[in-house]
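Descriptive structure summary
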Amino acid sequence: MRYINPIKVKVIMIMFFFTGILGIIIGLTVAPSMSSYASLLITFMGVVNLSLGGFFGWVFLTQQPQEEDARKRKRKKK
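Predicted, not measured: the structure shown is a model, and the values here were computed from it.

1. Focus on the packing of aromatic side chains
For the coordinates displayed, the defined rule picks out three aromatic pairs. Judged by centre distance (5.4 Å) and plane angle (70°), the ring pair of F55 and F56 falls under edge-to-face. Judged by relative accessible area, F55 falls into the partly exposed class, the value being 35%. Here the aromatic residues F16, F55, F56 and W58 are joined through ring pairs into a cluster of three or more.

In structure tokens:
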């Protein structure tokens with residue numbers, strides 16, 4: 001997998017966790033007044049967002065620091 005800037009990964013992770021929690025709360029409290037299928041679908045989408053947040057958390061915690069490519073390094077002036 002390609003190296004991703006840690007700040008971008010943190011932002012994506014927080015966004016997925018927040019929308020996942022919000023989706024589960026809305027799906028379990030507000031949506032049951034609509035129909036059972038809508039509340040189930042909203043809750044399921046919240047769980048998917050939580051899973052994606054967990055995946056990006058795993059990427060954030062396990063990715064290695066980016067190494068400089070020797071071919072792209074400029075020569076030092078003496």
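2. Re a nonpolar patch on the surface
A surface patch of nonpolar side chains, about 590 Å² in accessible area, is lined by Y37, L41, F44, M45, V48 and L52. Here Y37 falls in the exposed class, since its relative accessible area comes to 60%.

3. Thoughts on the environment of S51
Tracing the backbone through its elements, the reader meets S51 in helix 2 (residues 36–62). Along the sequence, S51 and F16 sit 35 residues apart, while their C-alpha atoms lie 8.3 Å from each other.

4. Things to note about the side chain of T43
You can see T43 is positioned in helix 2. A polar contact is formed between the side chain of T43 and the backbone oxygen of S39, at a distance of 2.7 Å. If sequence neighbours within four positions are ignored, T43 has contacts with G23, I24, G27 and L28.

5. Notes on helix 1 (residues 6–29)
Here helix 1 contains 24 residues, and its C-alpha end-to-end distance of 34 Å stays within 8% of the 34 Å for a straight helix at 1.5 Å per residue. For helix 1, every residue scored as buried is listed here: V9, M13, G20, G23 and G27. Elements that come into contact with the buried residues of helix 1 comprise helix 2.

So, how was this worked out
Residues numbered from 1 in each chain as written. Predicted model: local features only at pLDDT ≥ 70, side-chain atom pairs only at ≥ 80, totals over all residues. Heavy atoms only, no water. Phe/Tyr/Trp six-rings, centres within 6.5 Å; stacked < 30°, edge-to-face > 60°. Buried < 20%, exposed > 50% of the residue type's maximum accessible area, 1.4 Å probe, protein only. Patch = residues over 30% accessible without salt bridge, like charges linked within 9 Å, V, L, I, M, F, W, Y side chains within 5 Å. Areas by Shrake-Rupley, 256 points an atom, 1.4 Å probe, with all protein chains shown as cover. Salt bridge = Lys/Arg side-chain N within 4 Å of Asp/Glu carboxyl O. Helix = DSSP H or I, 4+ residues; strand = E, 2+ residues; numbered from the N terminus. Polar contact = N/O pair within 3.5 Å; in protein donor to acceptor, adjacent residues only side chain to side chain. Contact = heavy atoms within 4.5 Å. Expected span 1.5 Å × (residues − 1).

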